[in-house]
Every structure is written in C-alpha cells, then in structure tokens.
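Structural overview for review
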Amino acid sequence: MAITFSGLASGIDTDSIVTELMALERAPIDRLENDKAYYQNRLKAFSSLETKLNDLAQKAEAIDTEVELSSYSVNSNSEEYLSLTTDGRAQAGSYQLTVVDLAQQQKDVSQGYASKSEETLGTGSISLTVGGTAHQLLIEEGDNSLEGLASAINEADLGVGAAIINDGTGTPYRLVLTGASVTDSFSLDSSGLAGGTVAGPTMSNVQPAQQAHIRLDGIDIYSDSNSVDSAVPGMTFELMKADETATTTINVSANTEDTTAKINDFVKSYNSVITFIADQSDASWSNDPAFRSVKRQMQSMLTTQVGSGTLTSLSQLGFETKRDGQISVNSSKLTEALSDNFSDVVTLFAGTGSEDGISSMFSTFLDEMTDSVSGLYATRKKSTDSNIRRIDLRIDLMEVRMDKKEQSLRSQFSAMEELVNGLNAQGNYMLQQLSALSLSGS
C-alpha cells in the first residue's frame, strides 16, 4: 500500500490540492449529470401530460356519439306493473302501456305420495311429449321411485325439469314438472308403467305456458321473457304484474342535466391540460415544440364549425376562451341551447355520418397523442432512454479516466513529499555536522 505524506514534509495540503484539481476535472461529468437530469425531468413532464391527455380523451369519448351524449329521463304514473330503463337511443315522447300477460313456463303437479324414495311405482316406460313430439323414457327396477322418475326426466334433457316438493300433508311428496320454454307445452303419460303397488303419477296443470303480452299504444307485442327491449328503441320494460284493465302512462324527456355534466367534465379536463402546459413555462424543457403544438391544435379544434343547422360552433353554446387559454361555459346559454336545439348540439359534438363532430376530432387527435408507440410520451421515452444510455456510457468512461488521473496526481505529490523529506533529512544531517565541527574547533 502506497504511503501519502499529505504535506507533512513540504507543509503543503496536498490532499486539498488534489481534491480541488479533481473537482475541476469533474466539470464535464457534472455537465453530463445535469443533462441526464434534464432528460429525466422532461420525461416526467411528458408522462404527466399524457395522463392529462388520457383523461381528456375519456371525457371527449363520453360525448362523441349521439348515444353517449343523449340522456333521457323517464317518468311513469305507476310502478306497480313494470319498471323501465333507457339508453341514449331513446326518443322523447309519451306512451300508453298495458301488461296483458306475464311470460311463464308451463307447470304440472302430480298427486301426493307417502314416500319419494320407495320403489313402489311400476316399471316400463313413460311418455313425455314436448312441443308435440313424444319421447319414451325407460323406468327399470331400482329406478321405480318418485325420485328415480324425476332423475330419468332430468337426465333426458328434453326441455322439461322435474322436482319433488313436500306439501306437508299425509301424502306430501309431489312430482312437479316445469317447462324451459314459454312457447312449448308438454304432457306426461305414465300408463306404460306396470306392476307397482301405487299408481303412476297423474299430472294436473297449475300454470300454462304463455308469452309475455303487452299492449303499447294499442299495438299487441309479445315476448319470450318479462324483459321487453324491442318495443321502443332505447327502452327496456321489466314486466312485474299483469292487469288488462290497467294502463301505465310513460313520459320520456331529454335529461339536459346529465348532458351538461358531461360537457362540463370535458371543459374541466381541457383546462387541466392547458394549465399544465402553462406551468411548464419556467422549466428548461418549456421550449419543446410539442407543448405549443398540443395547445395550438386543441384551440383550433374548439373553433371548428360543424354542420349546417342553427348551432355550428361552440361559441353558440356559451363557450368562451380566456386570456390564459382556458375555456369557460355560460351555463344559461348552454341550457338554452340544449332545451331548444338539442339535435344541433348532438351534431356539433358527435358530428354526422360524413363529418366529424368536435368531440370526435378530439378523440382522434388525443388517440394519436397518447399512442403507445407513436404518441408524445412514447417517442420522448424512446429518445430519452437512448440519450441516457449514451450519457451513462460517457460518464463511465470519464470516471475511469478520473480515477487514473487522481491516482497519478497523488503519486506525483507523494513522490514530491518523499523528495522533500529526503532533502530535509540531508539538510538536518549537514547542520548536525557543521555544529559538531564548530564545537571541535572551540
């Protein structure tokens, strides 16, 4: 291990000199570290920008089609017979609806039996007719109980389910057959069973198969379920109770509050992007043209004219641009436009079949800006990673040279200290000799 004198011989603080010289030598590395921090912080800024652009994209996509932008409220004079829901395809209007019949499967019940598991039924075959087609089911020894009979019907999988209930009487066990379809009827004939100690089941119908039947504005409509969604576009009726003498009045009207809330969410998200871009003005990456480009293109889309109706621009809805680039909305003007020209508002945001609306334009633009391969953040990340790898490589090479430089300087100063130390020793020796001669002469 090399010994360093650190100025003990020369009186010079060689450690401080080496440290200061190496600090000067590290200046290029410090500049590279600053460059690296710049790229990393710039990438963080673009990551934050992408987050805000993604949020704006979601808000734009929430109002870029007629279905998403349109919202309707539904009121009825009674909730006893049906409940209902709507989507954006619903149209404002009034309807008169009567629930004539509820959809239901056929249900048959047998006479009661004292046991469900005793093999007291005859053997042979039973005939199960479903939808006009007869099927023969074989009942053998060991299966000639009420439970065995139910299993044979279920295993046949003919569209009829079998179960056994207990009605609590002296002969409580009854076979219950339920159809899977509301349109197909069925029947069970057990006369083919022979040799048992009890008679085969005789089925009694307790519920016939029937489709749901409603009468809407005098038009008879049928359905295989009690959820009817084909009678009125955008509206689903959940039928709960049938009464041919009762009529439910349904009123559908545009819900401008929901539409206003979606538009305001878009405005809020837009302003968040504008504010973020303005906040980058003091950063070293503020001159990146991407920030100005995003702001410029968004502002351009806001002023685009769409359609040929009464409303063709956002300014007619109460949109106003402030000095800082943010936008505000005159709520009274927007409410008036939604109430008086709702279809034009829809066209302005959602566009037509041949022309994009403003929300559609934003959706397309923002999809490009946030693309995982070619978007702003993706391309900046690719270039940033490349630059940082290049910087790290240069720093590593310079650090190696720095270590060698420091070792060289310390070796040189150590050699100087050793030389000075030797000279000091020789000087001391000569002084001692001169002193001895002087004493001798005396």
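In this report, we go over the structure that sits alongside the text. Remember, it's a predicted structure, so these values are computed and weren't measured experimentally.

1. So, the overall build of the chain
Check the secondary structure of the chain and you find ten helices and 18 strands. In terms of overall dimensions, the chain is more spread out than a globule: its C-alpha atoms have a radius of gyration of 45 Å, far above the 22 Å expected for 442 residues. Looking at the chain as a whole, 36% of its 442 residues qualify as buried. Taking the contacts inside the chain whose residues are at least 6 apart along the sequence as the reference set, 72% of them involve residues at least 24 apart. Roughly 24000 Å² of accessible area belongs to the chain as shown, and the carbon and sulfur atoms make up 47% of that amount. Taking the average place of the 31 positive charges on the side chains of the chain and the average place of its 60 negative ones, the gap between the two points comes to 16 Å.

2. Topic: the environment of N424
Inspection of the secondary structure puts N424 in helix α10 (residues 376–441). Relative accessible area serves as the criterion here: at 34%, N424 is assigned to the partly exposed category. Through-space distance from the C-alpha of N424 to that of I17 is 22 Å; in sequence the pair is 407 residues apart.

3. Notes on the sheet that holds strand β1 (residues 72–76)
The pairing of strands in a sheet happens through backbone hydrogen bonds and is either parallel or antiparallel. Pairing within the open sheet is antiparallel, and its five strands lie in the order β1-β16-β3-β12-β13. Looking at strand neighbours, the two that pair on one side only are β1 and β13 (219–223), the edges of this open sheet. Ignoring strand direction, the axes of neighbouring strands in this sheet form an average angle of 30°.

4. So, the sheet that holds strand β2 (residues 82–86)
Taken in spatial order, the three strands make up an open sheet running β2-β15-β14, and their pairing is antiparallel. The strands lining the two open edges of the sheet, one partner per strand, are β2 and β14 (227–232). Along the sheet, successive strands turn relative to each other by an average axial angle of 30°, direction set aside. The pairing of β2 with strand β15 (residues 235–239) spans five bridges and is classified as antiparallel. Within β15, the residue paired with S83 across the bridge is E238.

5. Points about unusual backbone geometry
Unlike most non-glycine residues, D157 shows phi in positive territory, near 50°. By the element assignment, D157 lies in the loop between α4 (146–156) and β7 (160–166). Assessed through its relative accessible area of 63%, D157 is described here as exposed. Positive phi outside glycine occurs at D217, with the angle close to 50°. With respect to the helices and strands, D217 occurs in the loop between β12 (212–216) and β13. Accessibility expressed as a relative area gives 42% for D217, which makes it partly exposed.

6. Brief notes about helix α8 (residues 342–350)
The element α8 is extensively covered by neighbouring structure, given that seven of its nine residues are classed as buried. Within α8, the full set of buried residues consists of F342, D344, V345, V346, L348, F349 and A350. In this structure, the buried side of α8 is in contact with α3 (66–69), β1, α5 (256–279), β17 (319–321), α7 (331–340) and α9 (358–369). Positive phi shows up at G351, right after α8, with a value of about 85°.

Reading the values: rules and limits
- Residues numbered from 1 in each chain as written.
- Predicted model: local features only at pLDDT ≥ 70, side-chain atom pairs only at ≥ 80, totals over all residues.
- Heavy atoms only, no water.
- Helix = DSSP H or I, 4+ residues; strand = E, 2+ residues; numbered from the N terminus.
- Rg over C-alpha atoms; globule rule 2.2 N^0.38 Å.
- Buried < 20%, exposed > 50% of the residue type's maximum accessible area, 1.4 Å probe, protein only.
- Contact = heavy atoms within 4.5 Å.
- Areas by Shrake-Rupley, 256 points an atom, 1.4 Å probe, with all protein chains shown as cover.
- Lys, Arg positive; Asp, Glu negative; His and termini not counted.
- Charge placed at Lys NZ, Arg CZ, Asp CG, Glu CD.
- Pairing = 2+ DSSP bridges.
- Axes fitted to C-alpha atoms, helices over the stretch in contact; angles between N-to-C directions.

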